[in-house]
2 protein chains.
Amino acid sequence: MKEQCMLDIAKSRFTTKHYTGEKIPREDLDAILEILRLSPSSVNSQPWHFFVASSDAARAKIAPAFADFNQARVTLASDVIVFAVKTGLDETHLRRVHEKELADGRFAGIENQPNLDAGRRHFVGLHSDTLEHAIAWETQQTYIALGFAMYAAAGMGIHSTCLEGADFEKLDEILGLHEKGLKSVVALSLGRGKPDDSNAARPKSRLTPEEVTSVID
Amino acid sequence: MKEQCMLDIAKSRFTTKHYTGEKIPREDLDAILEILRLSPSSVNSQPWHFFVASSDAARAKIAPAFADFNQARVTLASDVIVFAVKTGLDETHLRRVHEKELADGRFAGIENQPNLDAGRRHFVGLHSDTLEHAIAWETQQTYIALGFAMYAAAGMGIHSTCLEGADFEKLDEILGLHEKGLKSVVALSLGRGKPDDSNAARPKSRLTPEEVTSVID
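Residues numbered from 1 in each chain as written. Chains lettered and ligands numbered in written order. Predicted model: local features only at pLDDT ≥ 70, side-chain atom pairs only at ≥ 80, totals over all residues. Heavy atoms only, no water.

With an unreviewed UniProt entry as reference, chain A is termed Nitroreductase family protein, source organism Sutterella massiliensis. A UniProt comment under Sequence similarities (unreviewed entry) is attached to chain A, and it reads "Belongs to the nitroreductase family." As stated in UniProt under Cofactor (unreviewed entry), the record for chain A gives "FMN". (UniProt positions renumbered as here; feature names shortened; annotations may be inferred.)

Trainee: Any details on unusual backbone geometry? Residues and values, ideally.
Mentor: What you tend to see is this: most non-glycine residues have negative phi, and most peptide bonds are trans. For Asn115(A), which is not glycine, the phi dihedral falls at a positive 55°. Following the sequence through the fold, Asn115(A) ends up in the loop between α5 (91-103) and α6 (118-126). Of the residues examined, Asn115(A) reaches a relative accessible area of 61% and is grouped as exposed. Of note in the backbone geometry, Gln46(B) takes a positive phi value of approximately 45° without being a glycine. On the basis of relative accessible area, Gln46(B) is assigned to the buried category, the value being 2%. (Helix = DSSP H or I, 4+ residues; strand = E, 2+ residues; numbered from the N terminus. Buried < 20%, exposed > 50% of the residue type's maximum accessible area, 1.4 Å probe, protein only.)

Trainee: Run through the relation of the copies chain A and chain B, naming residues and quoting values.
Mentor: For the pair chain A and chain B, the relating rotation is 180°, the translation along its axis is 0.0 Å, and the fit reaches an RMSD of 0.0 Å. A rotation of that kind, with that shift, is consistent with a two-fold axis. Both copies present the same face, since 100% of the interface residues in chain A are matched by interface residues at the equivalent positions in chain B. (Least-squares fit on C-alpha atoms with pLDDT ≥ 70 in both. Contact = heavy atoms within 4.5 Å.)

Trainee: Lay out the nonpolar core with the relevant residues and their values.
Mentor: Tyr151(A) and Tyr151(B) are the most contacted members of the largest nonpolar core, which has 78 residues in total. Contacts of Tyr151(B), omitting those with residues within four sequence positions, involve Met6(A), Ile35(A), Phe148(A), Tyr151(A), Ala152(A), Met6(B), Leu7(B), Ile9(B) and Ala10(B). (Core = buried A, V, L, I, M, F, W, Y, C linked by side-chain atoms within 4.5 Å.)

Trainee: How would you sum up the UniProt feature "domain: Nitroreductase" (unreviewed entry) in chain A? Please name residues and give values.
Mentor: The positions UniProt marks with the feature "domain: Nitroreductase" (unreviewed entry) are residues 11-191 of chain A. What you have in residues 11-191 of chain A is 47% helix and 16% strand, and the ends, taken at the C-alpha atoms, are 19 Å apart.

Trainee: Mind laying out helix α2 (residues 26-38) of chain A, listing which residues take part and the relevant values?
Mentor: Spanning 13 residues, α2(A) covers 18 Å between terminal C-alpha atoms, matching the ideal 18 Å at 1.5 Å per step. Residues of α2(A) that are buried include every one of Asp28(A), Leu29(A), Ala31(A), Ile32(A), Leu33(A), Ile35(A), Leu36(A), Arg37(A) and Leu38(A), and no others. (Expected span 1.5 Å × (residues − 1).)

Trainee: Run through the packing of aromatic side chains, naming residues and quoting values.
Mentor: The description of two aromatic rings rests on the distance between their centres and on the angle between their planes. Scanning the entire structure with this criterion turns up nine aromatic pairs over all chains. Here the aromatic rings of Phe50(A) and Phe83(A) are separated by 5.5 Å at their centres, their planes lie at 85°, and the arrangement is edge-to-face. In this pair, Phe50(A) sits in strand β1 (residues 48-53) while Phe83(A) sits in strand β2 (residues 79-86), placing the two residues 33 residues apart along the sequence. Accessibility assignment for this pair places Phe50(A) and Phe83(A) in one class, buried. Ring geometry for Phe69(A) against Phe123(B): centres 5.9 Å apart, planes inclined by 85°, an arrangement best described as edge-to-face. Highlighted residues: Phe69(A) in helix α4 (residues 68-75) and Phe123(B) in helix α6 (residues 118-126), drawn from two different chains. Within the aromatic cluster, the residues linked to one another by ring pairs are Phe148(A), Tyr151(A), Phe148(B) and Tyr151(B). (Phe/Tyr/Trp six-rings, centres within 6.5 Å; stacked < 30°, edge-to-face > 60°.)

Trainee: Give me the lowdown on the sheet that holds strand β4 (residues 182-191) of chain B, citing residues and values where you can.
Mentor: In space, the five strands of this open sheet follow the order β5(A)-β1(B)-β2(B)-β4(B)-β3(B), with mixed pairing throughout. Only two strands of the sheet have a single partner each, and these edge strands are β5 (213-215) of chain A together with β3 (159-163) of chain B. When strand polarity is set aside, the average angle formed by the axes of neighbouring strands in this sheet is 25°. In this sheet, β4(B) lies alongside β3(B) in antiparallel orientation, the contact comprising five bridges. The partner of Leu163(B) across the bridge, within β4(B), is Ala187(B). Each of β5 of chain A together with β1 (48-53), β2 (79-86) and β4 of chain B is contacted by helix α2 (residues 26-38) of chain B, which is oriented at about 15° to β2(B), the strand it contacts most. (Pairing = 2+ DSSP bridges. Axes fitted to C-alpha atoms, helices over the stretch in contact; angles between N-to-C directions.)

Trainee: Break down the sheet that holds strand β4 (residues 182-191) of chain A for me, with residues and values.
Mentor: Pairing between the strands of a sheet comes from backbone hydrogen bonds, and it takes one of two forms, parallel or antiparallel. Here five strands make up an open sheet; going across it, the order is β3(A)-β4(A)-β2(A)-β1(A)-β5(B) and the pairing mixed. In this open sheet, the two strands that pair with only one neighbour each are β3 (159-163) of chain A together with β5 (213-215) of chain B. Between one strand axis and the next, the sheet turns through 25° on average, direction left out of account. Across the sheet, helix α7 (residues 131-155) of chain A lies against β1, β2, β3 and β4 of chain A, angled at about 10° from β4(A), the strand it touches most.

Written as structure tokens, this is what we have:
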């Protein structure tokens, strides 16, 4: 029953190509933003920031950063979420995550022990030898959140399009992300797809189970 | 209703720290593997392969590649899925994905037009300037699938643990991935967590909505 429901979501979702311009309910957008906030990340690093373009003006403002074929997927979407990562996880961020965990009672009963966040610092350090490596690792974590949002949107009957086709440096400029210690890495359109969306009727195509799955002996 | 259901899944899931050794139903595992296969990836590149360790022998075989603190999360899980990416998306792979799309009827009515996969080749090319870049991009796509599997598992009432704490080169050796043109990047344990799992009762901690979300004006 439950496995069928979760599988049906994966079977029915598809990448929307053409939006109607209709808005999705604000409570649905809020739920997706909350799901993003709750997404898991390695050592609870939460290396992300989510920028939401909901107004026509906001979507028009970011649209020029997207590839030609993606522009209408920004302007005619209900909302576009820009996923950004921090340009390195600095001491301020690591301290803040730890303080929040203490405040939330993650360490109730043991909060007086030293180095409660030693594990996080160790793992973040493993991926911080270069800024490029740090950003790649943070981006991986952010793609977990992206997967959560895409899956949840499908489960809520909301159409979505993952947008990698963009000039993210231009998007960073538009949003002033450099000054904020952030870097955009991907975006997600949410909205209502046209009933005759070219991709809605096409069969999903994936490699066969034999080609992508192996059992370890 | 639907948004509440999808949000509840995100609220209730947590990273399991201690497993019981109990098996999850095979139909649940099969559903998760099918959800992985159906996961979206940029330009439908499907740059992945999923290796499943279900038997005690298989989990014992891969366990030495994992960090000490993760070993029991392999040996006492019901199943461990190892996520691998291709060491570059070669001509054979690109042709096969395109052939499968043709066979599945993605281009019904226009299959005689040339260069139907030009877009995919262009985008794969953009991320193939170095093998390191290609693997980073493929890994991002694979983390979407990871997000799908984690979300779906939670929705099905199955406990899971994302395992980045491993020696993936050692895991590649154990599974002979180098010869297969593959590279392991992350793993996911699935199973039943102990009722007194130390992380089950702890409150989830995340930065505040104000800290991770901004509205674009």
